[in-house]
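# Secondary and tertiary structure notes
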Amino acid sequence: MNSPASPDQDWPLFEVFIRSRAGLEHKHVGSLHAADARMAVEHARDVYTRRQEGVSIWVVRSSDITASDPAEADALFEPARDKVYRHPTFYAIPDEVKNL
Amino acid sequence: MCHIIRMYTQALDTPGRDCGPAPDTAALEARFQERVDADEKIEPKDWMPEGYRQTLIRQISQHAHSEIVGMLPEGNWITRAPSLRRKAVLIAKVQDEGGHGMYLYSAAETLGISRARMLEQLLAGTAKYSSIFNYPTLTWADVGAIGWLVDGAAIMNQIPLCRCSYGPYARAMVRICKEESFHQRQGFEIMLALSRGSAQQRAMAQDALNRWWWPSIMMFGPSDGQSKHTEQSMRWKIKRFTNDELRQRFIDTTVPQADFLGLLVPDPKLRWNESTEHYEFGEIDWQEFQSVLKGNGPCNRERLEARRSAHDQGAWVREAAAAHALKQQARAQSTTTTRSSGEAA
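In this text, all values refer to a predicted model and were calculated from it rather than measured experimentally.

This part covers the overall build of chain B. In terms of helices and strands, chain B carries 13 helices and two strands. Out of the 345 residues belonging to chain B, those deemed buried represent 46%. Pairs at least 24 apart in sequence give 74% of the contacts found in chain B among residues at least 6 apart. Counting every atom, chain B has about 17,300 Å² of accessible surface; 55% of that belongs to carbon and sulfur. For chain B, the distance from the average site of its 42 positive side-chain charges to the average site of its 41 negative ones is 5 Å.

Structure, rendered in structure tokens:
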């Protein structure tokens, strides 16, 4: 469990995700400090949805996020680089064939 | 540091991940500049020169402080706004400024400085914020002039920052610029109402313009020749236009608006130059600018005292929230323990 807030330091950092309307995914919009998750939701409402930008809010402690390392991005994403056959344009189909 | 090393030794990477000697900084800097030149965005975990990081921390935190201190001169008029509509609008505007401060502190934090540290610098008086907020708001017309001129100048400054090379700052600025446009329009609306009102109201509007014009022009900062950060910041694409370019653009767009209001811009040297298609304007009193920046403006002390007292008076709220979070966490843990021991039994 993460250590809770202490009054002398910043409250823990939360990442905020907002669903702008039903049918769309939650999207990362930024971060904020809050003593706990409930306060983070309330602050997220005030900081990120003052103009009806959302219908739903997710918050997650920043320290709970595992991210890929940008310095290793080349190695991490390299396997997809030479697999052009995963795209439909890779395949040559005669013009007279329709609906493909 | 580990990030940097790994980029070059990923094939040999071991679980121990020992950081060896620093790689060639010049090569890293060249690669960084290439990315910036290609208009790639720099993100928090990417390698960046220390100077770039420090410049951004300075600029973004000053910007954040300006938003927070900027709440004070306008907050002064919330209780005395002339109608319920004006009051609701002003509250919304001041709340926006607070929100903008939050976006910006978050952006600065991605560079490795804590918000607590930035607030500490503000309250200690060691951090700078926009000199404009050290002028007093004497009449209701000042609220109009601030929205129209101060927010107008801020927008002029901020729109190019939406394309800044540092991703988190650029994203914060996009959000801020979207919200800021109502600030300027509501200010102009106040000035319009006053300038179409009684002789006394017109005089009030003119007086506000007289006092806010020059400080607004100074908001763009020292002239290009005197600005020590401009050249490097432009190379790093933190800045897209020079102070003088933005100032000229602001004057060119604002003077016709003053004409529309029937108000007189307090600059006897102001005149339209047909050949350059720009306004020429008088000498700026840089001594005043420097003096306000150094802490000797009309309200520097008052502003910092107001921030300090708000911080001190809010201490019990922060303590209570932290205690509550602790209690909730302890309660959640003891419930889990009870449940699992119950299962064991």
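As a further point, take the environment of B:E277. Residues and elements named next belong to chain B. Residue placement: E277 occurs in the loop between β1 (271–273) and β2 (278–280). The exposure class assigned to E277 is exposed, which follows from its relative accessible area of 56%. Sequence separation between E277 and D252 is 25 residues; the distance between their C-alpha atoms is 8.8 Å. Residues in contact with E277, not counting those within four places in the same chain, are D252 and W272.

The subject of this paragraph is the packing of helix α7 (residues 167–195) of chain B against helix α10 (residues 243–261) of chain B. Residues and elements named next belong to chain B. The interhelical angle for the contact between α7 and α10, taken along N-to-C directions, is 35°, at an axis separation of 9 Å. Contacts from F188, M191, L192 and S195 of α7 reach α10 at Q257, F260 and L261. When its residues are assigned to classes, the contact of α7 with α10 shows five nonpolar, two polar and no charged.

Residues and elements named next belong to chain A. In spatial order, the strands read β2-β1-β3; together these three strands make up an open sheet with antiparallel pairing. Edge strands, defined here as strands with exactly one partner in the open sheet, are β2 (26–33) and β3 (56–61). Within this sheet the neighbouring strands show an average axis-to-axis angle of 25°, counted without direction. Two strands pair when backbone bridges link them, and strand β1 (residues 13–19) and β2 are joined in this way by seven bridges, in the antiparallel orientation. Paired with F14 across the two strands is L32, which belongs to β2.

Attention now moves to α7(B). Structurally, the α-helix is built with 3.6 residues per turn, so residues lying three or four positions apart point the same way. The first and last C-alpha atoms of α7(B) sit 42 Å apart over 29 residues, in line with the 42 Å expected at 1.5 Å per residue. The largest bend along α7(B) measures about 30° and falls at B:E179.

On the surface, A:V84, A:Y85, A:F90, A:Y91, A:I93, A:V97 and A:L100 cluster together into a nonpolar patch covering about 730 Å² of accessible area. Tracing the sequence through the fold places A:F90 in the segment after α2 (73–77).

Further remarks concern the pattern of salt bridges. Per the counting criterion, the structure on display carries 26 salt bridges over all chains. When the shortest N-O distance is used, the salt bridge between A:D10 and B:R115 registers 3.9 Å. Taken as a pair, A:D10 in the segment before β1 and B:R115 in helix α5 (residues 115–124) lie in two separate chains rather than in one. Residue classification places B:R115 among the buried residues on the basis of a relative accessible area of 15%. A salt bridge links B:R85 to B:E189; the nearest nitrogen and oxygen atoms lie 3.0 Å apart.

This part covers the packing of aromatic side chains. Residue and element names in this part refer to chain B. Going through the model one piece at a time under the given rule, you end up with 15 aromatic pairs over all chains. By the ring-pair criterion, three or more aromatic residues cluster together here, those being F32, W47, Y52, Y166 and W236. The residue whose ring lies beneath R80 is W77, and the NZ or CZ to ring-centre distance is 4.2 Å. A cation over an aromatic ring shows up here: R249 above the ring of F241, its NZ or CZ 4.4 Å from the ring centre.

Before going further, it helps to spend a moment on the confidence of the model for chain B. For chain B, per-residue confidence averages 91 on the pLDDT scale, and residues scoring 70 or more make up 91% of the total. Confidence drops under pLDDT 50 across residues 1–18 of chain B; counting only partners more than four residues distant or on other chains, this segment forms 26 contacts.

All names here are of chain A. For β1, a buried count of five out of seven residues is recorded, marking the element as mostly surrounded by other parts of the structure. Counted along the chain from β1 to the antiparallel partner β2, the turn is six residues long, and its residue G23 has a positive phi close to 100°. Both β1 and β3 contribute to a ladder of six bridges, which runs antiparallel. The residue of β3 that forms the bridge with V16 is V59.

The rules behind these values
Residues numbered from 1 in each chain as written. Chains lettered and ligands numbered in written order. Predicted model: local features only at pLDDT ≥ 70, side-chain atom pairs only at ≥ 80, totals over all residues. Heavy atoms only, no water. Helix = DSSP H or I, 4+ residues; strand = E, 2+ residues; numbered from the N terminus. Buried < 20%, exposed > 50% of the residue type's maximum accessible area, 1.4 Å probe, protein only. Contact = heavy atoms within 4.5 Å. Areas by Shrake-Rupley, 256 points an atom, 1.4 Å probe, with all protein chains shown as cover. Lys, Arg positive; Asp, Glu negative; His and termini not counted. Charge placed at Lys NZ, Arg CZ, Asp CG, Glu CD. Axes fitted to C-alpha atoms, helices over the stretch in contact; angles between N-to-C directions. Nonpolar A, V, L, I, M, F, W, Y, C, P; charged D, E, K, R; others polar. Pairing = 2+ DSSP bridges. Expected span 1.5 Å × (residues − 1). Bend = angle between axes of the 7 residues up to and from the residue. Patch = residues over 30% accessible without salt bridge, like charges linked within 9 Å, V, L, I, M, F, W, Y side chains within 5 Å. Salt bridge = Lys/Arg side-chain N within 4 Å of Asp/Glu carboxyl O. Phe/Tyr/Trp six-rings, centres within 6.5 Å; stacked < 30°, edge-to-face > 60°. Lys NZ or Arg CZ within 6 Å of the ring centre and 35° of its normal. pLDDT = per-residue confidence, 0-100.

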